[in-house]
Amino acid sequence: TKYAEKNHGLLVIVDSLAACIRNLGIDEISPEVAEPISSLMEALSPYEATLIIIHHSSKAHIGQSPSIASRGSTALPALASQTISMERVVLPDPGVPRDERRVLKTDGRGGRSIELVIEQLGGSTKWKCHGNAEVVQLQRRLNEIEAKLEPRQVEVLAVVRENWSSSQTGTTVKEISQNVELGHEGERKARASLEQLTRKGLIESRVETTDTLSRKVYKPKKTH
């Protein structure tokens, strides 16, 4: 506290909580774990210091809010104005390259909750933000779906994307039948492929209506 008194606005980091309380004989699951932290906060408060506590998460609560994911007693996150957690974008599956990105989540009294996907650049201290976690994870799922498409579906999706990219216009069943080799019953197969891609979440449809015409068109689905 003497150092904090001489340096107002100090940033105090406890790394980690478990290591710092080990010699105090306090168990993490006990509500008493909050007592030394509360005392430290009280001692620092006159000097406008910010206290950051690094604490491990519970494996049993991966994917939940930061406050719930905190390991041990709930008395600890209850003290915090803001709880921040980091976890992998997805848990690695056998045979799938590990995703090095992290989901950064916050909750608490210190502002609205956020959920972002971030990535450390190489071994540096710099981080890159990939955007909202929900959007990034949705795009990842769509990429996985797209990787499993049949050749005909791949061709149809390419036409839909090209039309939208070049002129911001939707694609009709007739245009697909004219631009993709579908053989006999081309329009039926085109319609089937478009509906399959719609159900997979890769494209979306809408009905365009004029004074003389009503038609269904397809365009790439937005992920943000």
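From a predicted model like this one, the values you see are computed outputs, not experimental measurements.

J.: Before we move on, could you go through the packing of helix α7 (residues 151–167) against helix α9 (residues 186–199) and cite the residues and values that matter?
T.: Their axes nearest at 10 Å, the elements α7 and α9 cross at an angle of 80 degrees. Our classification of the angle between α7 and α9 gives roughly perpendicular. Of α9, the residues touching α7 (which contributes Arg152, Gln153, Val156, Leu157 and Val160) are Lys189, Ser193, Leu194, Gln196 and Leu197. For the contact of α7 with α9, the per-class residue count stands at 5 nonpolar, 3 polar and 2 charged.

J.: Give me the pattern of salt bridges: which residues, what numbers.
T.: Under the counting rule described, the total for this entry stands at 7 salt bridges. The salt bridge partner of Glu87 is Lys105, with a shortest N-O separation of 3.8 Å. Remark: Lys105 occurs in strand β4 (residues 102–108) and Glu87 occurs in strand β3 (residues 82–88); sequence separation between them is 18 residues. You can call Lys105 buried: its relative accessible area is 9%. Ionic pairing is found between Lys216 and Glu195, a salt bridge with its closest N-O pair at 3.2 Å. A residue pair is termed long-range when its members are at least 10 positions apart, and Lys216 in strand β8 (residues 214–220) and Glu195 in helix α9 qualify at 21 residues. Using a relative accessible area of 23% as the deciding quantity, one classes Glu195 as partly exposed. Each of Arg206, Glu208 and Arg215 takes part in a single network of salt bridges with overlapping partners.

J.: Residue-level account of the nonpolar core, with values.
T.: Within soluble globular proteins, side chains that are nonpolar generally end up buried alongside one another. Counting 16 residues, the largest nonpolar core has Ile176, Leu194, Leu197 and Ile203 as its most contacted members. Mapped by element, the contributors of at least two residues to this core are α7, α8 (173–179) and α9. Looking at this core element by element, the count peaks at 4 residues for α7.

Conventions and cut-offs
Residues numbered from 1 in each chain as written. Predicted model: local features only at pLDDT ≥ 70, side-chain atom pairs only at ≥ 80, totals over all residues. Heavy atoms only, no water. Axes fitted to C-alpha atoms, helices over the stretch in contact; angles between N-to-C directions. Helix = DSSP H or I, 4+ residues; strand = E, 2+ residues; numbered from the N terminus. Parallel < 35°, antiparallel > 145°, perpendicular 65-115°, else oblique. Contact = heavy atoms within 4.5 Å. Nonpolar A, V, L, I, M, F, W, Y, C, P; charged D, E, K, R; others polar. Salt bridge = Lys/Arg side-chain N within 4 Å of Asp/Glu carboxyl O. Buried < 20%, exposed > 50% of the residue type's maximum accessible area, 1.4 Å probe, protein only. Core = buried A, V, L, I, M, F, W, Y, C linked by side-chain atoms within 4.5 Å.

Note that every value here comes from positions in space, so none of it alone points to a role or purpose.
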